[in-house]
Amino acid sequence: MNRAPTILLTAFGPFPGVSQNVSSDVVKRTMQHFADRGTSELNVTATLLPTEWRAATTTLAGALEAARPDAYVGFGVSRKACGFVVETLARNAAASVDANKQMPPQSQILSRGVRYQTATIPTRRIVSELRALNLPARRSLNAGSYLCNTVLYLGLAHANGSAVRGGCGFVHLPTQLAGHETDAKTPIAGVRMSLDDAVAGAVRLIDLLADDLGVNRAGT
Ligand code: PCA
């Protein structure tokens, strides 16, 4: 019997300057949404990645190995994000200190890796679906050179050699969501998106990937 399609999500823990990472709240709540929906047509599974060069890499590899996902989407935060920032490119570059005060082992993610890889989730359609929900969303050509870019790069490298037919991508969220105060007491200018909005957008994104994977949502 064929198993139901599996979508793997990841979120990040704290890192220097961000003591509470909202990506983990968003992914937790999104998982809860799918658990409450209780469909047997789709498995949505999630892993929290430490924002550490070595541990993030090994935790992601373990999660990909265990879940054998049909699609993979990572979530993280960025100070530059005012809404959903759907990354389109991963660069073979690694820089900056992690949560463990360590620099990356080398300036490239993979020594003989290609310079750029393109996200394989349908980024244009995702942005237009999010905007149709009235959520701020844009595509980005620069995922940075920190751990979010690394997990997108490694996810795509993995997907290249396995059957991740529903795509692999990454979404940056604002470091602070409206009405969801973390360590930064003042709301960040320009961020109108709340935690509920972020969860609604993440759910829509997953439903879109699930549709593409042929999941029948009738009755859910
Ligand atoms: N944002 C960082 C790493 C973890 C996170 O949430 C980044 O943009 O790379």
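Predicted model, so just to flag it, every value in this text is computed and none were measured.

Caption draft 1: Structural detail: the packing of aromatic side chains. On inspection of all chains with the given rule, the structure shows 2 aromatic pairs. Here Phe15 and Tyr146 contribute two aromatic rings whose centre-to-centre distance is 5.6 Å and whose plane-to-plane angle is 65 degrees, an arrangement assigned as edge-to-face. Highlighted residues: Phe15 in the loop between strand S1 (6-12) and helix H1 (22-37) and Tyr146 in the loop between strand S7 (137-140) and helix H4 (147-160), separated in sequence by 131 residues. Judged by centre distance (5.7 Å) and plane angle (75 degrees), the rings of Trp53 and Tyr146 are edge-to-face. With Trp53 in helix H2 (residues 53-67) and Tyr146 in the loop between S7 and H4, the pair connects residues that are 93 residues apart, well separated along the chain. Side by side, Trp53 and Tyr146 carry an identical accessibility label, which is buried.

Caption draft 2: Just the packing of H2 against H4, in detail. For the pair H2 and H4, interaxial distance at closest approach is 11 Å and the crossing angle is 35 degrees. Our pair here, H2 against H4, has a crossing hand that is right-handed. Of the residues in H4, those in contact with Trp53, Ala56, Thr57, Leu60 and Leu64 of H2 are Leu147, Thr150, Val151, Leu154, Gly155 and His158. Its residues assigned to classes, the contact of H2 with H4 shows 7 nonpolar, 4 polar and no charged.

Caption draft 3: A look at the pattern of salt bridges. Summed over all chains, the structure comprises 6 salt bridges. Measuring nitrogen to oxygen at the nearest pair gives 2.6 Å for the salt bridge that ties Asp196 to Arg29. Taken together, the positions of Asp196 in helix H5 (residues 195-212) and Arg29 in helix H1 put the pair 167 residues apart, joining distant regions of the chain. We classify Asp196 as partly exposed; its relative accessible area is 48%. With a relative accessible area of 37%, Arg29 lands in the partly exposed category.

Caption draft 4: How the structure looks around H4. In this model H4 runs 20 Å from its N-terminal to its C-terminal C-alpha over 14 residues, within 8% of the 20 Å that 1.5 Å per residue would give. Among the 14 residues of H4, 11 are classified as buried, and the element is accordingly described as predominantly covered. All of the buried residues in H4 are Leu147, Cys148, Asn149, Thr150, Val151, Leu152, Tyr153, Leu154, Gly155, Leu156 and Ala159.

Caption draft 5: Looking closely at the nonpolar core. By size, the foremost hydrophobic cluster in this structure holds 63 residues, and its most contacted members are Ile7 and Phe75. Element by element, the count of residues in this core is highest for H5, at 10 residues. Setting aside its immediate chain neighbours within four residues, Ile7 contacts Leu42, Asn43, Val44, Thr45, Ala71, Ile206, Leu209, Ala210 and Leu213.

Conventions used here
- Residues numbered from 1 in each chain as written.
- Predicted model: local features only at pLDDT ≥ 70, side-chain atom pairs only at ≥ 80, totals over all residues.
- Heavy atoms only, no water.
- Phe/Tyr/Trp six-rings, centres within 6.5 Å; stacked < 30°, edge-to-face > 60°.
- Helix = DSSP H or I, 4+ residues; strand = E, 2+ residues; numbered from the N terminus.
- Buried < 20%, exposed > 50% of the residue type's maximum accessible area, 1.4 Å probe, protein only.
- Axes fitted to C-alpha atoms, helices over the stretch in contact; angles between N-to-C directions.
- Left-handed = near helix turned anticlockwise from the far one by under 90°.
- Contact = heavy atoms within 4.5 Å.
- Nonpolar A, V, L, I, M, F, W, Y, C, P; charged D, E, K, R; others polar.
- Salt bridge = Lys/Arg side-chain N within 4 Å of Asp/Glu carboxyl O.
- Expected span 1.5 Å × (residues − 1).
- Core = buried A, V, L, I, M, F, W, Y, C linked by side-chain atoms within 4.5 Å.

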